[in-house]
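Descriptive structure summary
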Amino acid sequence: MLLILLGVLILHLIILILLFVSTAASAWSVGGVRSTDLWYNCMTTSEGYHCKPASSDDWIQAVQALMILSLLFCFFSLIAFVFQLFKLVKGGRFFFTAIFQILASVFVMCGAIIYTVMSPEDQTITHFGYAYVLAWVAFPLCLISGLIYIVLRKKE
């Protein structure tokens, strides 16, 4: 049982790291001399690396909010898991933790879908970067983790 709990905890930490990197990294869309993320649009020129704030369009603000919410919900579910690990009665299930983790997966999925659909970049010049891919990798891992928390019971 201890190995299962340790494995779930490590999976949760990996998901948290993936969400943090995908939210903070500047590579949601890359191509040639340009890179775009949730916060800045950057370009490399002969004078150096120049960044300007991302557009204030509603869709990019929605993606920013959803990624931050997914990060917060994943963190709060980790705190809830540790709390429930010590306070939950024997035989109890980690429903509270599971709900937060599943909500985090829904938020990251919605953010990635909105970015996919609304990204105005010309796909012949740019392509989706590693931060975008990390967000999509975090989604199923987060969902699987939430489902594991639903099935998991506390044993003595």
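Along each chain, residue indices are assigned from 1 in the same order as the chain's sequence is written. Reporting of local features is limited, given that this is a predicted model, to residues whose pLDDT is at least 70; pairs of side-chain atoms are given and counted only at 80 or more, and all residues count toward the totals for whole chains, interfaces and linings. Side-chain measures were taken over the full set of non-hydrogen atoms in the model, leaving aside hydrogen atoms and water.

**Points about the UniProt feature "transmembrane region" (unreviewed entry) in the protein chain**
- UniProt positions are given in the numbering used here, feature names are shortened, and annotations may be inferred rather than shown by experiment. The feature "transmembrane region" (unreviewed entry), as annotated in UniProt, sits at residues 62–83, 95–118 and 130–152 in this numbering.
- To qualify as a helix, a DSSP run of H or I must reach at least 4 residues; to qualify as a strand, a run of E must reach at least 2; elements of each kind are numbered from the N terminus. When the span residues 62–83 is considered, its composition is 100% helix and 0% strand, and the gap between its end C-alpha atoms is 31 Å.
- Along residues 130–152, the helical share is 96% and the strand share 0%, with 32 Å between the first and last C-alpha atoms.

**Brief notes about helix α1 (residues 2–24)**
- An expected span of 1.5 Å times one less than the residue number is assigned to each helix. Taking 1.5 Å as the rise per residue, α1 with 23 residues should run 33 Å; its terminal C-alpha atoms sit 33 Å apart, in good agreement.
- Looking at α1, one finds that the buried residues are L5, V8, L11, H12, I15, L16, L18, L19, S22 and T23. The rule is simple: take the accessible area with a 1.4 Å probe, protein chains only, and divide by the maximum for that residue type; under 20% is buried, over 50% is exposed, in between is partly exposed.

**Some remarks on the sheet that holds strand β3 (residues 40–45)**
- At least two bridges found by DSSP between two strands is the condition for calling them paired. If you trace the five strands from one edge of the open sheet to the other, you get β4-β3-β2-β1-β5, paired in antiparallel fashion. Sheet topology places β4 (48–53) and β5 (127–128) at the edges, where each strand pairs with a single neighbour.
- In this structure, strand β2 (residues 34–36) lies alongside β3, joined through three bridges in antiparallel fashion. Note on β3: the bridge partner recorded for S35 is C42.

**Some thoughts on the state of the cysteines**
- We call a pair of cysteine sulfur atoms a disulfide whenever their separation is within 2.5 Å. The final tally for this structure, using the stated rule, is one disulfide.
- A sulfur-sulfur separation of 2.0 Å characterises the disulfide bridge that pairs C42 with C51. Because the sign of the S-S torsion sets the handedness, a value of about 105 degrees for the bond joining C42 and C51 places this disulfide among the right-handed ones.
- Using a relative accessible area of 5% as the deciding quantity, one classes C42 as buried.
- Of the residues examined, C51 reaches a relative accessible area of 43% and is grouped as partly exposed.
- Left unpaired, C110 is separated from the closest cysteine sulfur, that of C142, by 12 Å.
- C142 takes part in no disulfide bond, and the closest cysteine sulfur to it belongs to C74, at a distance of 4.9 Å.

**Quick look at the environment of L85**
- The residue L85 is located in helix α2 (residues 58–87) in this model.
- Spatially, the C-alpha atoms of L85 and E47 are 54 Å apart, while their sequence positions differ by 38 residues.

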